[in-house]
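Structural characterization, general
Below, each chain spelled out in residue letters.
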Amino acid sequence: MFFRKKRYFVCSVCGYDYLPGPLYINGTPDVSLICACCGFQPGYDDEELGYTLESYREEWIQKGAKWFREKEKPKQWNLKKQLKNINIR
Ligand SMILES: [Zn+2]
């Protein structure tokens, strides 16, 4: 019997660090992925809607940094702490 440690990835928009996969694989967006926190969907929000990671982040924060999947939000969630994952203060 063995246990496999699950790997998680960090969202480059909001710093959420439990993404099941990377937003981009070798520059190709994984369109099946939506960040549970900021709701960013690679290949759609950027290529279809024209956001950059920065502009999406700014707008998301301006709108109150709401969770895309509210029930996955940790009780002690802290936006500033999370943004440190991607070196943003
Ligand atoms: Zn995110």
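One structure accompanies this document, and this report is about it.

Conventions used here
- Residues numbered from 1 in each chain as written.
- Predicted model: local features only at pLDDT ≥ 70, side-chain atom pairs only at ≥ 80, totals over all residues.
- Heavy atoms only, no water.
- Donors = N, O, S within 2.8 Å, 3.2 Å for Na, K, Ca; no water.
- Tetrahedral: all angles 85-135°; square planar, octahedral: opposite > 155°, others 65-115°.
- Helix = DSSP H or I, 4+ residues; strand = E, 2+ residues; numbered from the N terminus.
- Buried < 20%, exposed > 50% of the residue type's maximum accessible area, 1.4 Å probe, protein only.
- Salt bridge = Lys/Arg side-chain N within 4 Å of Asp/Glu carboxyl O.

A few words now on the coordination of the zinc ion. Ligation of the zinc ion by protein atoms is provided by Cys11 (SG), Cys14 (SG), Cys35 (SG) and Cys38 (SG), these donors lying 2.2 to 2.3 Å from the ion. One can describe the site at the zinc ion as tetrahedral: its four donor atoms subtend angles covering 105 to 112° at the metal. Within one chain, the residues serving as donors to the zinc ion are arranged as C-x2-C-x20-C-x2-C. Here Cys14, found in the segment before β1 (24-25), pairs with Cys35, found in the loop between β2 (28-29) and α1 (53-62); they are 21 residues apart in sequence, far enough to count as distant. Of the residues examined, Cys14 reaches a relative accessible area of 0% and is grouped as buried.

Our focus in this paragraph is the pattern of salt bridges. A side chain with one charge can pair with a side chain of the opposite charge if their charged atoms come near. Under the criterion given, the structure shown has two salt bridges. Taking the shortest distance from any N to any O, the salt bridge between Lys63 and Glu59 comes out at 3.0 Å. You can call Lys63 exposed: its relative accessible area is 57%. The exposure class assigned to Glu59 is partly exposed, which follows from its relative accessible area of 29%. A salt bridge links Arg69 to Glu72, with the nearest nitrogen and oxygen atoms 3.5 Å apart.

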